[in-house]
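The lines below spell out each chain.
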Amino acid sequence: MPSDYAIETRDLRKFFGSVHAVDGVDLRVPQGTVLGLLGPNGAGKTTAVRILTTLLEPDGGSARVAGLDVVKDQDELRSRIGLAGQYAAVDENLKGRENLEMVGRLYHLGGGVARRRAGELLAQFDLLDAQDRLVRTYSGGMRRRLDLAAALVARPPVLFLDEPTTGLDPRSRLSLWETIEEAVAGGTTVLLTTQYLDEADRLADSIAVIDHGRVIAEGTSDDLKGRVGGDRLELTLEDPSQCSASIEVLAPMADERPTTHDGVVIVPLLHKHGSIAEAVRRLDERGVAIEDIALRRPTLDDVFLNLTGHAAEEREGEEQQEEAAA
Amino acid sequence: MSGLAYVVSDTAVIARRNILRIPRQPDLLVSFTIQPIMFLLLFAYVFGGAIKTPGFDYKDFLVPGIVAQSMTFGGFVTAIGLSDDLRKGLIDRFRSLPMARSAVLAGRTLADVATNALQLALLVIVGLIIGFSFHTSAPKVIGGMLLMLLFGYAFSWVFAFVALHSSSAESAQALGFIVIFPITFASSAFVPTASMPDGLKAFAENNPFSTVVDALRSLWLGTPAGNDVWGAVAWSVGIAVVFSVLAVRGYRRAVAK
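These numbers were taken from a predicted model, which means no experiment stands behind them. Numbering of residues starts from 1 in each chain and follows the order in which that chain's sequence is written. Each chain gets a letter, beginning with A, and each ligand a number, beginning with 1, in the order they are written. The predicted nature of this model means local features are confined to residues of pLDDT at least 70 and side-chain atom pairs, given and counted, to a pLDDT of 80 or more, with totals for whole chains, interfaces and linings taken over all residues.

## What about the overall build of chain A?
Then comes step 1: Within chain A, the secondary structure is distributed over 12 helices and 14 strands.
Then comes step 2: Taken along its principal axes, the extent of the C-alpha atoms in chain A is 80 × 45 × 35 Å.
Then comes step 3: A pair of residues counts as a contact when their C-beta atoms, built from backbone coordinates, are separated by no more than 7 Å. Counting contacts in chain A only where the partners sit at least 6 residues apart, residues at least 24 apart contribute 69% of the total. The helix count covers DSSP runs of H or I at least four residues long, the strand count covers runs of E at least two residues long, and both are numbered beginning at the N terminus.

The structure is reproduced here in structure tokens:
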């Protein structure tokens, strides 16, 4: 019988030639929660989503979504899921409304229901004014909203969002985040892939970090940040040539040797309490003037760097390799 | 609804979507309306005076040839549409929906029947204006039109196959033209085969495209048919069957990545 998990995978695998795109992934997403699948380009996020939405068959392992097997029950499963992809799969030569009505008909909602549902979604996603315009005249943000609306036409219990904000400007991203938050507030289970750490931080209840087709860390955003260790102090000096002097002065406060990065002195702290005052006092005694000082908690960027040894967003080339291998 | 009813309704939804798109792509609209008319006028007035067609007015001889050739090209709407849908993720969207999977290709090729019908009507009208005339009964004229739509439908599957095996819409189009131009020209479509050198003549006389053109001439002009009409139907059905199987296989391959 249905488990408590809306999405459950066991040792999921997919190979493209010699590339192990998904290499033994175990995921469990409780109903009504949002899982962020976080990883760089080419980590296997999209391949995992394609398997879970029945677009690809796995080469090994098993997966159940909404209690249904992604291979054996795929026909039934498709009526219970919604997919919004990173390439905004809406028809640009149809009008906004026509796109949603077509998707409704293909979910077999029936003409009247499909029309009504399209109207509701256009209103909810602030697209009523644009409903009779061809989608090719839409902005990037509007297309993503329409794509998300299309994924929600059948009110699916499980929703897959594959890099929903990739390529959007910051303002459109923020507004799409709000839209996603509203859309999933009703208890929808969501699997969200992203390479943006702030996105996972904001939208996801728990996060699975994926790299080279494997899950390398799992937990809440706070759990993951806790793993990287404590807080740190970041200082910008008025005279950058004093950086090395300041490292000597601040070293007693640090649990690792302070470093400089782009002219910013970074001090991993032994104790957070009173650290700003102490740093100011120590530097003042040595006549080092401070332009800016901040206490910073580790971000998911730090988590990623710590877990994988490389930054999260520097490997643009690999996705293309994965696509070419496919 | 039953499974089969869903196949029919899903195919209709996809076909409707593809037809809706056409007037919104003016470049596409031009290439399958203006282009064949231009061909018809160029042949009729540039070459027409120089080509001897014993027993026929050249315009009567030419119109069935141009119409049949246009039907082969009609499928490029499918090639362009399919390449586009694959590249832009529409096919993924369709495949994630609980719709009949066969409806994507079936709806795509079915929409071409509508564009081919429009093309056919335009060519016949312009043909009649410049002096073409039917020499047979209405049922035969209509039979000829239905044969053309069947023949065009078969070539939609050829183009679907080509599109699913090439990297872009442009290369699908180029490949289609490299194959289709020689086949349609080395035939009885534009000049009597008797005027050709021996080797080419043998090819042209056995070219299935000649069979289709000769069948249309017999239905529209009343020329002796022989087995041409049934031969043309058989070729059309055969091409549709073979290339639909190949296209479905290509589709499965194209989406499995």
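Now that the structure has been shown, we can carry on.
## Details of the interface of chain A and chain B
Much of the literature gives interface size as the accessible area that the parts lose upon coming together.
Then comes step 1: Listed by partner, the interface residues are 25 residues for chain A and 20 residues for chain B.
Then comes step 2: Elements represented by at least two residues in the side of chain A that touches chain B include exactly strand 6 (81-84) and helix 3 (96-106) of chain A.
Then comes step 3: Sorting elements by how many residues they give to the side of chain A that touches chain B places helix 3 of chain A first, with five residues.
Then comes step 4: Residue polarity is assigned by list, with Asp, Glu, Lys and Arg as charged and Ala, Val, Leu, Ile, Met, Phe, Trp, Tyr, Cys and Pro as nonpolar; anything else, Gly included, falls into the polar class. Of the residues that constitute the side of chain A that touches chain B, the class distribution is 14 nonpolar, six polar and five charged.

## Remarks on the sheet that holds strand 11 (residues 232-237) of chain A
Residues and elements named next belong to chain A.
Then comes step 1: Pairing between two strands is assigned when DSSP locates at least 2 bridges connecting them. Pairing within the open sheet is antiparallel, and its four strands lie in the order 12-13-11-14. The open sheet has two edge strands with one neighbour each: strand 12 (259-261) and strand 14 (290-296). Pairwise comparison of adjacent strand axes, ignoring direction, gives a mean angle of 25 degrees for this sheet.
Then comes step 2: Helix 9 (residues 243-250) rests against strand 11, strand 12 and strand 13 (264-268) of the sheet, and its axis sits at about 15 degrees to strand 13.
Then comes step 3: Note on method: axes are straight lines fitted to C-alpha atoms, helices fitted across the in-contact stretch only, with angles between N-to-C directions ranging 0 to 180 degrees. Sheet contacts for helix 10 (residues 275-285): strand 11 and strand 14; angle to strand 14, the most-contacted strand, approximately 150 degrees.

## Remarks on the pairing of strand 6 of chain A
Looking along a regular strand, one sees side chains alternate from face to face of the sheet.
Residues and elements named next belong to chain A.
Then comes step 1: Exposure classification rests on a simple neighbour count of other C-beta atoms within 10 Å of a residue's own: a residue reaching 20 or more is buried, one at 12 or fewer is exposed, and one in between is partly exposed. C-beta atoms are placed from the backbone. Side-chain alternation along strand 6 places Ile81 and Leu83 on one buried face and Gly82 and Ala84 on a second face that is also buried.
Then comes step 2: Relative to strand 7 (residues 158-162), strand 6 runs parallel, the two sharing four bridges. Among the inter-strand pairings, Ala84 is bridged to a residue of strand 7, identified as Leu161.

## Section: the packing of helix 3 of chain A against helix 1 (residues 3-21) of chain B
Then comes step 1: The contact between helix 3 of chain A and helix 1 of chain B brings their axes to 9 Å, and the two run at 165 degrees. Judged by the inter-axis angle, helix 3 of chain A sits roughly antiparallel to helix 1 of chain B. Pair helix 3 of chain A / helix 1 of chain B crosses with left-handed handedness. Taking contact as the criterion, the partners of Glu98(A), Met102(A), Arg105(A) and Leu106(A) in helix 3 of chain A are, on helix 1 of chain B, Asp10(B), Val13(B), Arg17(B) and Leu20(B).
Then comes step 2: Of the residues contributing to the contact of helix 3 of chain A with helix 1 of chain B, the split by class is four nonpolar, no polar and four charged. Roughly parallel means an angle under 35 degrees; roughly antiparallel means over 145; roughly perpendicular covers 65 to 115; every other angle is labelled oblique. A clockwise turn of the near helix away from the far one marks a right-handed crossing, whereas an anticlockwise turn of less than a right angle marks a left-handed crossing.

## Overview of the confidence of the model for chain A
Residues and elements named next belong to chain A.
Then comes step 1: pLDDT is a per-residue confidence score from the predictor, ranging from 0 to 100. Summing up the model confidence of chain A, the mean pLDDT is 86 and the portion of residues at 70 or higher is 93%.
Then comes step 2: Within chain A, the lowest mean pLDDT, 42, falls on helix 12 (residues 316-325), and the highest, 96, falls on helix 3.
Then comes step 3: The low-confidence segment residues 314-326, where pLDDT is below 50, has 18 contacts with residues more than four positions distant or belonging to other chains.

## What about the confidence of the model for chain B?
Then comes step 1: Residues at a pLDDT of 70 or more form 99% of chain B, whose mean pLDDT is 90.
Then comes step 2: Two summary scores accompany this predicted model of the complex, namely pTM at 0.82 and ipTM at 0.86.

## Quick look at the domain arrangement of chain A
Then comes step 1: Each assigned domain of chain A is listed with its residue range as follows: domain 1 (5-80 + 156-226) and domain 2 (230-297).
Then comes step 2: For domain 1 of chain A and domain 2 of chain A, the distance between their C-alpha centroids amounts to 39 Å. All domain edges in this entry derive from an automatic or database-based domain assignment.

## Things to note about the packing of helix 3 of chain A against helix 5 (residues 140-151) of chain A
All names here are of chain A.
Then comes step 1: Look at helix 3 against helix 5: their axes get within 9 Å of each other, and the N-to-C directions meet at 20 degrees. Here helix 3 lies roughly parallel to helix 5, going by the angle between them. Considering the relative orientation of helix 3 and helix 5, their crossing is right-handed. Contacts between helix 3 and helix 5 involve Gly96, Asn99, Leu100 and Val103 on the former and, on the latter, Leu146, Ala149 and Ala150.
Then comes step 2: For the contact of helix 3 with helix 5, the class distribution of residues is five nonpolar, two polar and no charged.

## Description of the nonpolar core
Then comes step 1: What we call a nonpolar core is a set of buried Ala, Val, Leu, Ile, Met, Phe, Trp, Tyr and Cys residues whose membership is set by joining through C-beta atoms within 7 Å. Residues Leu52(A), Leu191(A), Ala68(B), Phe151(B) and Leu216(B) are the most contacted members of the largest nonpolar core, which totals 143 residues.
Then comes step 2: If you tally residues by element for this core, the top one is helix 7 (residues 138-164) of chain B, at 15 residues.
Then comes step 3: Leu235(A), Leu250(A), Ala279(A) and Leu283(A) belong to the second largest nonpolar core, which has 10 residues in total.

## What about the sheet that holds strand 6 of chain A?
All names here are of chain A.
Then comes step 1: The six strands are arranged 6-7-8-3-9-10 in an open sheet whose pairing can be described as mixed. Each having just a single partner strand, strand 6 and strand 10 (214-219) make up the two edges of the open sheet. Strand after strand, the sheet turns through a mean of 15 degrees between neighbouring axes, direction not considered.
Then comes step 2: As paired elements, strand 7 and strand 8 (residues 189-194) share five bridges and run parallel to each other. Of the residues in strand 8, the one forming a bridge with Leu161 is Leu192.

## So, the environment of Ile91(B)
All names here are of chain B.
Then comes step 1: Structurally, the position occupied by Ile91 is in helix 5 (residues 90-95).
Then comes step 2: Given 19 C-beta atoms within a 10 Å radius, Ile91 is considered partly exposed.
Then comes step 3: Along the sequence, Ile91 and Pro182 sit 91 residues apart, while their C-alpha atoms lie 33 Å from each other.
Then comes step 4: If we ignore the near neighbours within four places in the chain, the residues touching Ile91 are Asp85, Leu86, Val104 and Val255.

## Quick word on the environment of Glu182(A)
All names here are of chain A.
Then comes step 1: Residue position: Glu182 is located in helix 6 (residues 170-184).
Then comes step 2: Overall, Glu182 belongs to the exposed group, with 11 C-beta atoms counted inside 10 Å.
Then comes step 3: Expressed as a C-alpha distance, the spacing of Glu182 and Ile7, which sit 175 residues apart in the sequence, is 21 Å.

## Some details on helix 3 (residues 58-74) of chain B
Then comes step 1: In a helix, the anticipated span is given by 1.5 Å times the number of residues less one. Counted at 1.5 Å a residue, the expected span for helix 3 of chain B with its 17 residues is 24 Å, and the 24 Å between its end C-alpha atoms agrees.
Then comes step 2: Across the 17 residues of helix 3 of chain B, 16 count as buried, placing the element largely inside the fold.

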